[in-house]
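Close look at the chain arrangement
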Amino acid sequence: MTVATVQVRHAVVTGASRGIGAAIAAALAGRGARVTLVGRGREALARLQQSLPGGPHGVAVADVADPARVTAAFEEARSLHGPVSLLVNNAGAAASAPFGRTSLDLWQRMLSVNLTGTFLCTQAVLPDMLAAGWGRIVNIASTAGLKGYAYVSAYAAAKHGVIGMTRSLALEVAARGITVNAVCPGYTDTDLLRASVDHIVARTGRGAEQARAELAAANPQRRLIQPAEVAAAVLWLCGEEAASITGQSISVSGGEVM
């Protein structure tokens, strides 16, 4: 599959400081985009900024669940590189608990970061894309948005919501030169997964390697997804050649979801 260049496009990647977000930022920068990195920690974002090819690239600090901070961050992004053409909503969080012990606070946190954050950032860039008659929005969801997993009802509900929003918005803007898609990774080898492994070890007494192997077993290829694989799917969706792909939820999971 040929990947079209995204040169001279202004891309914003949320949750960009590590893992999947960092891999996506690097992939977009490598194709010529000017990238604004959004996250909660300026130092980590600045380190990534310095390592990206091309540029100039920018940094904007925000908690995506905070409407005022989102507005300020996107104003800062525009001051750096002008209107936003590409948005990757990657910021997210995962927490597990049996349904009966899922507190309202945990429920609201999962919805705020994973779903409301995606909504706020998308609303912030949509006027730029409508004015330009061109745009790409890619929401990083999860296989949890395509199927159920035990003990993560709040997270799964939020990611199902992201996919529903993706499909609805895609229909609204289909004739305006804007595509809206979701990428749904399976278990991916990131800090977030390592935190899940630590939680399994603490809860069950299993060894870390056993816990990782159990998570990898959900993938028919019997392995963990790599962040670069998710970034490759995002890069394709951001290109001109994916102009007819919209409203889709693309599973990057080794066949776990078909």
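The next point concerns the overall build of the protein. What the protein contains, in helices and strands, is eight helices and seven strands. Since a compact globule built from 258 residues should have a radius of gyration of about 18 Å, the 18 Å found for the protein is in line with a globular shape. Counting only C-alpha atoms and orienting by the principal axes, one finds that the protein spans roughly 50 × 40 × 35 Å. Looking at the protein alone, contacts between residues at least 24 apart form 68% of all its contacts between residues at least 6 apart.

A few words now on the environment of P67. Here P67 is to be found in helix α3 (residues 67-81). Spatially, the C-alpha atom of P67 lies 21 Å from that of H10, the residues being 57 residues apart in sequence.

Bringing the pairing of strand β4 (residues 86-89) into the picture now. Alternating positions in β4 separate into two faces, L86 and V88 on one and L87 and N89 on the other, with burial throughout. In this structure, strand β1 (residues 10-14) lies alongside β4, joined through three bridges in parallel fashion. Residue pairing for β4: A11 is matched across the bridge by L86. Examined bridge by bridge, β4 and strand β5 (residues 135-140) share four bridges and lie parallel to one another.

This part covers the pairing of strand β2 (residues 34-39). Along β2, five of the six residues are buried, which leaves the element largely enclosed by surrounding structure. Here β1 runs beside β2; their pairing, made up of five bridges, is parallel. Directly across from V13, in β2, lies its bridge partner L37. Each parallel crossover has a hand, and the one from β1 via helix α1 (residues 19-30) to β2 is right-handed. As paired elements, β2 and strand β3 (residues 58-61) share four bridges and run parallel to each other. In the strand pairing of β3, L37 is matched with V59. Traced from β2 through helix α2 (residues 42-51) to β3, the parallel crossover comes out right-handed.

Here the amide bond leading from G55 into P56 is cis, since omega sits at 5 degrees, within 30 degrees of zero. Checked against the element boundaries, P56 lands in the loop between α2 and β3. Here the phi dihedral of Y151 falls at roughly 75 degrees; this positive angle occurs in a residue that is not glycine. In this structure, R222 takes a positive phi of about 60 degrees despite not being glycine. Tracing the sequence through the fold places R222 in the loop between α7 (208-216) and α8 (227-237).

Let us look at the sheet that holds strand β7 (residues 249-252). Sheets are built from strands paired through backbone hydrogen bonds, the pairs being either parallel or antiparallel. The strand order across the open sheet formed by seven strands is β3-β2-β1-β4-β5-β6-β7, and the pairing between neighbours is parallel. For this open sheet the edge positions go to β3 and β7, each flanked by a neighbour on one side alone. Here the strands of the sheet are splayed against their neighbours by 20 degrees on average, with no regard to which way each runs. Its contacts with the sheet place α8 against β4, β5, β6 (178-185) and β7, and it is angled at close to 165 degrees to β6.

For the rest of this paragraph, the subject is the packing of aromatic side chains. Within the structure shown, the criterion is met by one aromatic pair. Where Y149 meets Y187, the ring centres are 5.8 Å apart and the plane angle is 55 degrees; that geometry is what we call tilted. Note that Y149 is positioned in the loop between β5 and α5 (153-173) and Y187 in the loop between β6 and α6 (191-204), a separation of 38 residues in sequence. Given the relative accessible area of 21%, Y149 is considered partly exposed.

Along α8, eight of the 11 residues are buried, which leaves the element largely enclosed by surrounding structure. Those residues of α8 lying buried are P227, V230, A231, A233, V234, L235, W236 and L237. The secondary structure elements touched by the buried residues of α8 are α1, β4, β5, β6 and β7.

Cut-off values and rules
- Counting from 1, residues in each chain are numbered in the order their sequence is written.
- Local features in a predicted model are, by the rule used here, given only for residues with pLDDT of at least 70; side-chain atom pairs are given and counted only at 80 or more, and totals for whole chains, interfaces and linings are based on all residues.
- Calculated side-chain values reflect all of the structure's heavy atoms, with hydrogen atoms and water omitted.
- Working definition: helices are DSSP H or I runs of at least four residues, strands are E runs of at least two. Numbering for both runs from the N terminus.
- Using C-alpha atoms as the atom set, the radius of gyration is obtained and then compared with a globule rule of 2.2 Å times the number of residues to the power 0.38.
- Two residues form a contact once any of their heavy atoms are found within 4.5 Å.
- Burial status follows relative accessibility: with a 1.4 Å probe on protein chains alone, a residue under 20% of its type maximum counts as buried, one over 50% as exposed, and anything between as partly exposed.
- When DSSP finds two or more bridges between two strands, those strands count as paired.
- Handedness rule for crossovers: strands pointing away from the viewer, path from the first strand over the helix to the second running clockwise, crossover right-handed.
- Here an axis means a line fitted to C-alpha atoms, over the contact stretch when the element is a helix, while the angle between two N-to-C directions is reported on a 0 to 180 degree scale.
- A pair of aromatic rings is counted whenever rings of Phe, Tyr or Trp (Trp by its six-membered ring) have centres within 6.5 Å, and the orientation is called stacked for planes under 30 degrees apart, edge-to-face for over 60 and tilted otherwise.

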